[in-house]
Amino acid sequence: MNPISGSHYDEMTLLLFIEQQLEEERAAGVRAHITACEKCRRLHDALEGESALLRSAMREEEEPVPARLLQGPGPDHGIPWGWLLGLGSAGAGAYTLWAGIFEPVVRQAGVAGLGQRNLVATFLFDSVFWKGWESLMDFSQFLALATLGSVAAYFWRRAGSRRTPTAALLLAGLLGLFVSAPVAYAASETRKGDSIKVGESETIRGDFFAFGNDITIAGTVDGDAVLFGRAIEISGHVKGDLIFFGHMAQVSGQVDGDIRAFCNTSTLDAAVGKNVTLFSEDFRLKKKASIGGSLTSFNSRLSLDGRVGRDVFAGFNRGQIDGFIGGELKARGNELVVGPDAELAGSARFRGEKEPTVSEKAKLAGKIAFERLSERREFNAFKFFWSQLISLAGAMAVGIIAVLLIPGLFSDIVKSAQRPGSALGLLIWPGLPVLAVFVCFTLIGIPIGVGALMIWCMAWYAAQVFVGTALGELFLGRAADRKGLFLRMGIGLVAIRAVASIPRFLETPRLTSFLLILCLWILIGAWGMGAMALAIHKRTRPEPVF
Amino acid sequence: MSAAASALAGGPKQQASTDLGEIVSRARDGDADAWGEIYKRHAPAIYRFCRRALPTREDAEDATGEIFLKLRDRLAQYDPTRPFSAWLYKVAANHCWDSLRRRRIRQALETGGIEEMPLEHPDPGELNRLVDQQSGEQIRRALDKLPARARMALVLRYYADMSYDEIADALGVRRAFVGVVLLRARHQLREIMLGQGRV
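Below: a short report on this structure. The model shown is predicted, which means the values in this text are computed figures rather than measured ones.

1. Brief notes about the overall build of chain B
Point 1. Within chain B, the secondary structure is distributed over 10 helices and zero strands.
Point 2. When its helices and strands are written in sequence order, chain B yields α-α-α-α-α-α-α-α-α-α.
Point 3. Scored against the burial criterion, the 199 residues of chain B give a buried share of 56%.
Point 4. By sequence separation, contacts in chain B at least 24 residues apart represent 69% of the contacts at least 6 residues apart.

Have a look at this one:
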C-alpha cells in the first residue's frame, strides 16, 4: 500500500510496521519512506515511544504482590484429605438425616394420614399446584435427578467447555417448569369475582379454581376444587381433592378425595373419603362428619365430635375429643379434654403442659400416655452436638457443590457479602415472599409464585454458606485455593452455629430462645440474599466494549 | 509468544530454562514440590497480569488462584515443546477474558466498527508531548478507565507480549482486526490521558 494521499502513511500502517506485522515487501516500502519523510518518521518515533511507555507502565511493580499469593499453594499430599473428610461427613450427615429424621417423619406421616407417601413430596409435588411434576411423585427421585444433573454439569465444565452451562441449565429448568405448568390447568375451570356460586344443578367438568370473596359450591365438581376466598361454603359434592385458603369455611357436603386447607375458622360436617390436613385457628369436626382416612391438624382450638376412620395427629392449644378415632391418637398441646362420647380404638399419646382430663364414660383402648412438656428443656449435649454436626455437614455439602458448579459466581457472592451493599437483603428477604404470594393470586402466576417461594427457601438455606465463607475470610483472610476456601467455609459455618447456640447455653426461656435464634437466621438469610442479588447484578450488568 | 516467556520470566537464562523444563516435567508426574516451585516462580507475574487486565485488586487475587487451579488440572495437556510461560499466559488470558465476558460484555460490539478505523495521520508533536507528560501511574490510572476489551488487548500485547495470533485467539476476533483493536485502544487511552491532564 502506498502512503495515504500519496504523501504519508497512516497511523495504522506505521503501528503494524513497528509491531512487525507487515509483510516483508510492504515493510521495506515503509522503511524506505520513513527514512525520507520526516513527518512519518516523527509519527513512527512517537508511536514507538508510546509503546515503550505502555510496556514500562504496565510492568512497574507499584504495589506488592499479596502475601497470601506469595505463600504458595502449600504441599499437595496426593490424598485429598479435606475432600474425603468433607464428603465423608456429608455422607454420614445425609444418612443420619435420613435414618434419624426423614424416615421417622415419613413413618409418622403415614401414621398421621398422609398415606405411605413422603411428607415433603405430598406437600410439594402432590397437590394441584404441581401436577406437571406428578411423574416425579417422590422427593427422593427429584433429589436423584438433581444430583445427576449436578454431576453432569460438573463433568461438562471439567471437559473444558468454556461456556458455563449454569445459565443453560437454569434456562432448561425454567423451561421445564413452564412447559409442565400448563398441565395443572388442563381441563379446568376458573372463576373470579366477588361472589362465586356453583349451583345445585351445576356440574363442573374437571378441576375448579375460584378466587372471590364468597364462594359457594352447592353443585358437583368432577375434579379437584381449589378455592381462595373469605367465606367458603361447600354443600355440594367434590369428587377430587378440596383445597382452600380462606377466613371462614363450612364444609357440609361430600368430598371424595383429601381436604387440605389453611383457614381461620373451619367447620367440617361432611363425609370426606380420604384424609384431612388442616391449619386453622378454630377447627370443629361436627358430630355427623366422617373422615375416611386420617386427620392432621394444627389449631388453637380443636373440637372433634365426629368420626375419624384412621389416625389423628394434632397440635393445639386446647383440644376436645368427643367423637370416634379408629386409629392412633398422637397429640401435642396445652390442654386435652376427652369427653364422655369419645371412643378411641387405638393407642393414645399426649404431650402437653397439663395432664389430659378424661371422662370416665369415654371408651379407650388403653390409658392415654402422657408426657409433660416442661418450660425448661432438658439439655442433651450429645444430641445437641450431633444435630449441629449433621446440620454443619449438610451446609458444607451444599457449599462444596456450589463451589464445584459455580466457582465464579460463588466467589462473587462471597465478595459481595463483604460489602455494605449486601444490606439490600433486608428488603429482599421479606419482599420476595410477599411478592410471590401476591403473584399466586393470579392464576397464571401460581407456578411463578410457588417457584419464587421455593427459590426463596433455597436461597435462605444457602445464605449461611456464603455468609459463613465471608466470615471465614474475615477471620483468616482470603483463601489461596479450594482447600483454604473450604476451611474458611467450615470455620464460618461453625461460628454461625456457635452464636446460634448461645441462647441454649444461657438457658433462656424457650420462646425468647426461639425468637433470638430466628432473628439470627433471618439476619443471615437477608445478608446472604443481598449478596446473591449484588453478585447477580454485577454479572448481568452490561459493560461497554468500545 | 517466545517474547512473553523471556520478558516475563525476568530474563530467563539457559540454566533457568532447563531447570524449568525439569520442574514442569516433575510437576506433570505429580510432584507436589515441583508444582509449588512453579507457583512460586510464576504467581507474582500472573497476579500482575491479572491486576492489569481485571478491574480490581480483589478480582486479580481471585483470578490468580483460579488460574493456578486450572493450570494444575490441565498440566497434562501442556506441550513441552512450547515455552511454558507462553502456555501459562494463554491460560491466564483466556481465564481473565472469560471472567470479563461473564459480566455480559456486549457481544454485538465485538467487531462492530472495527473496519471503520479512519486512516489518520495524527500530529506527532502532540503525541510526543502527551507521552512525555505521562507518568507510569497516570498511564495505569487511565488503563483502569478503559473498556474491558481495549484494556485486555493492551495488556495482552504490551504486558504479556502476546503475538497477534494469540491475541486474536484470546479475544475471539479475527487476526486482521487485532491491530485495529490495539490502535483504537491507544486512541481511547490518549483521550482519557488528555482528560486527566485537563482535570
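Moving on from the coordinates now.
2. Details of the packing of aromatic side chains
Two measures describe an aromatic ring pair: the distance that separates the ring centres and the angle between the ring planes.
Residues and elements named next belong to chain A.
Point 1. Applying the stated rule across the entire model yields 19 aromatic pairs over all chains.
Point 2. Taken together, a centroid distance of 5.2 Å and an interplanar angle of 15 degrees make the contact between phenylalanine 279 and phenylalanine 298 stacked. Here phenylalanine 298 lies in strand β13 (residues 295-304) and phenylalanine 279 lies in strand β11 (residues 276-285), a separation of 19 residues in the sequence.
Point 3. On the accessibility criterion, phenylalanine 279 (29% relative accessible area) is partly exposed.
Point 4. Assessed through its relative accessible area of 35%, phenylalanine 298 is described here as partly exposed.
Point 5. A network of ring pairs unites the aromatic residues Phe211, Phe228, Phe245, Phe262, Phe279, Phe298 and Phe313 as a single cluster.
Point 6. Here arginine 307 stacks its cationic end above the ring of phenylalanine 324, 4.0 Å away from the centre of that ring.

3. Structural notes on helix α5 (residues 84-101) of chain B
Point 1. In this model, α5 of chain B (18 residues) spans 26 Å end to end at C-alpha, consistent with the 26 Å of a helix rising 1.5 Å per residue.
Point 2. Burial analysis of α5 of chain B places 16 of its 18 residues in the buried class, the great majority of the element.

4. Considering the nonpolar core
Point 1. Residues Phe49, Cys50, Phe84, Tyr89, Met152, Leu154 and Leu156 of chain B are the most contacted members of the largest nonpolar core, which totals 88 residues.
Point 2. With 11 residues, the single largest contributor to this core is helix α3 (residues 32-53) of chain B.
Point 3. Ranked by size, the runner-up nonpolar core spans 49 residues in total, among them Ile217, Leu227, Ile234 and Phe283 of chain A.

5. A closer look at the pattern of salt bridges
Point 1. Taken as a whole, this structure holds 29 salt bridges over all chains when the rule is applied.
Point 2. In this structure, aspartate 282 of chain A and arginine 301 of chain A form a salt bridge, with 2.6 Å as the shortest nitrogen-oxygen distance. With a gap of 19 residues between them, aspartate 282 of chain A in strand β11 and arginine 301 of chain A in strand β13 connect regions that are remote in the sequence.
Point 3. Overall, arginine 301 of chain A belongs to the partly exposed group, its relative accessible area being 43%.
Point 4. When salt bridges that share partners are traced, they join Glu11 and Glu50 of chain A together with Arg186 and Arg190 of chain B into one network.

6. What about the packing of α3 of chain B against helix α4 (residues 57-74) of chain B?
The angle between the axes and the distance between the axes are what describe a pair of packed helices.
Residues and elements named next belong to chain B.
Point 1. The geometry of α3 relative to α4 is characterised by a closest axis approach of 9 Å and an angle of 140 degrees between their N-to-C directions. With respect to their mutual orientation, α3 and α4 come out oblique. The element α3 and its partner α4 pack so that their crossing is right-handed. Contact residues: Trp35, Ile38, Tyr39, His42, Ala43, Ile46, Tyr47, Cys50 and Arg51 in α3; Arg57, Ala60, Glu61, Ala63, Thr64, Ile67, Phe68, Leu71 and Arg72 in α4.

7. Quick look at the environment of glycine 257 of chain A
All names here are of chain A.
Point 1. Mapped onto the elements of the fold, glycine 257 is located in the loop between β8 (254-255) and β9 (259-268).
Point 2. Relative accessible area serves as the criterion here: at 3%, glycine 257 is assigned to the buried category.
Point 3. Taking the C-alpha atoms as reference points, glycine 257 and leucine 242, 15 residues apart in sequence, are found 7.1 Å from one another.
Point 4. Sequence-distant contacts of glycine 257, defined by excluding residues within four places in its chain, comprise Lys239, Gly240, Asp241, Val272, Gly273, Lys274 and Asn275.

8. A look at the state of the cysteines
All names here are of chain B.
Point 1. One pass over the full model with this rule turns up zero disulfides over all chains.
Point 2. Left without a disulfide partner, cysteine 96 is nearest to the cysteine sulfur of cysteine 50, which lies 3.8 Å away.
Point 3. Assessed through its relative accessible area of 0%, cysteine 96 is described here as buried.

9. Some points on unusual backbone geometry
Point 1. With phi around 55 degrees, glutamine 20 of chain A is a residue other than glycine that occupies positive phi space.
Point 2. The residue glutamine 20 of chain A is located in the loop between α1 (11-18) and α2 (24-36) in this model.
Point 3. Backbone geometry at aspartate 161 of chain B places phi at a positive 55 degrees, although glycine is not the residue there.
Point 4. Position of aspartate 161 of chain B among the secondary structure elements: in the loop between α8 (148-158) and α9 (164-171).

10. Some thoughts on the sheet that holds strand β18 (residues 343-344) of chain A
Strand pairing in a sheet relies on backbone hydrogen bonds. The paired strands run either parallel or antiparallel.
Residues and elements named next belong to chain A.
Point 1. Strand order across the open sheet formed by 10 strands is β2-β4-β6-β8-β10-β12-β14-β16-β18-β21, with parallel pairing between neighbours. Of all strands in the sheet, those bounded by a partner on one side alone are β2 (203-204) and β21 (363-364).
Point 2. Both strand β10 (residues 271-272) and strand β12 (residues 290-291) contribute to a ladder of two bridges, which runs parallel. When the sheet's bridge partners are listed, alanine 271 is paired in β12 with serine 290.

Conventions used here
Residues numbered from 1 in each chain as written. Chains lettered and ligands numbered in written order. Predicted model: local features only at pLDDT ≥ 70, side-chain atom pairs only at ≥ 80, totals over all residues. Heavy atoms only, no water. Helix = DSSP H or I, 4+ residues; strand = E, 2+ residues; numbered from the N terminus. Buried < 20%, exposed > 50% of the residue type's maximum accessible area, 1.4 Å probe, protein only. Contact = heavy atoms within 4.5 Å. Phe/Tyr/Trp six-rings, centres within 6.5 Å; stacked < 30°, edge-to-face > 60°. Lys NZ or Arg CZ within 6 Å of the ring centre and 35° of its normal. Expected span 1.5 Å × (residues − 1). Core = buried A, V, L, I, M, F, W, Y, C linked by side-chain atoms within 4.5 Å. Salt bridge = Lys/Arg side-chain N within 4 Å of Asp/Glu carboxyl O. Axes fitted to C-alpha atoms, helices over the stretch in contact; angles between N-to-C directions. Parallel < 35°, antiparallel > 145°, perpendicular 65-115°, else oblique. Left-handed = near helix turned anticlockwise from the far one by under 90°. Disulfide = S-S within 2.5 Å. Pairing = 2+ DSSP bridges.

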